[in-house]
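Next come the chains, spelled out residue by residue.
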Amino acid sequence: MKAPLCHWCGNGRLRPTPWFRTLSCDVCRVGSADLNGPAFIGCCIPFCRASRGDRKGDPLTAHMEWICSRHWRAVPRRLKQRRASLRRMEARTSDAARLQRIHAADARAWSACKRAATEAAGGIA
Ligand SMILES: [Zn+2]
Ligand SMILES: [Zn+2]
């Protein structure tokens, strides 16, 4: 049987994961218990099984990444502050080139968050 097409990103296929009653898209990583079930995403730290669904004011989107609260605690405060200040800059500007630079800086800051959380998790994940 061909894996069903992901309806969150429309590109990937929903494939079974090693976890009970869980499918996950191989492109956007959104998961679901079944095709029509509520969507959720897993913590992006390797081997972490925490997951979340839609949140008020923060709905799931395809390709979204999320770090669970347990792993988020391991992220240095300076990185969190960096992302908060980028978000404030983003809110203040409407200049497209500047927004692009802010988004690129935020993507780098986010990778640093993931790296820090993954390193801190080494062994305990
Ligand atoms: Zn997808
Ligand atoms: Zn986690």
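Residues numbered from 1 in each chain as written. Chains lettered and ligands numbered in written order. Predicted model: local features only at pLDDT ≥ 70, side-chain atom pairs only at ≥ 80, totals over all residues.

Colleague: Mind laying out unusual backbone geometry, listing which residues take part and the relevant values?
Modeller: A positive phi angle is found at Phe-47, which is not glycine, with a value near 70°. In this structure, Phe-47 sits in the loop between strand S4 (39-42) and strand S5 (51-52). Positive phi outside glycine occurs at His-63, with the angle close to 70°. Structurally, His-63 can be placed in the loop between S5 and helix H1 (69-72). (Helix = DSSP H or I, 4+ residues; strand = E, 2+ residues; numbered from the N terminus.)

Colleague: An account of the domain arrangement of the protein is needed here, citing residue identities and associated values.
Modeller: Domain assignment breaks the protein into domain 1 (1-66) and domain 2 (72-121). Distance between the C-alpha centres of domain 1 and domain 2: 23 Å. (Domains from an automatic or database assignment.)

Colleague: Provide a residue-level description of the sheet that holds S5, including the pertinent values.
Modeller: The five strands are arranged S1-S2-S3-S4-S5 in an open sheet whose pairing can be described as antiparallel. A strand with exactly one partner marks an edge of an open sheet, and here the two such strands are strand S1 (14-16) and S5. (Pairing = 2+ DSSP bridges.)

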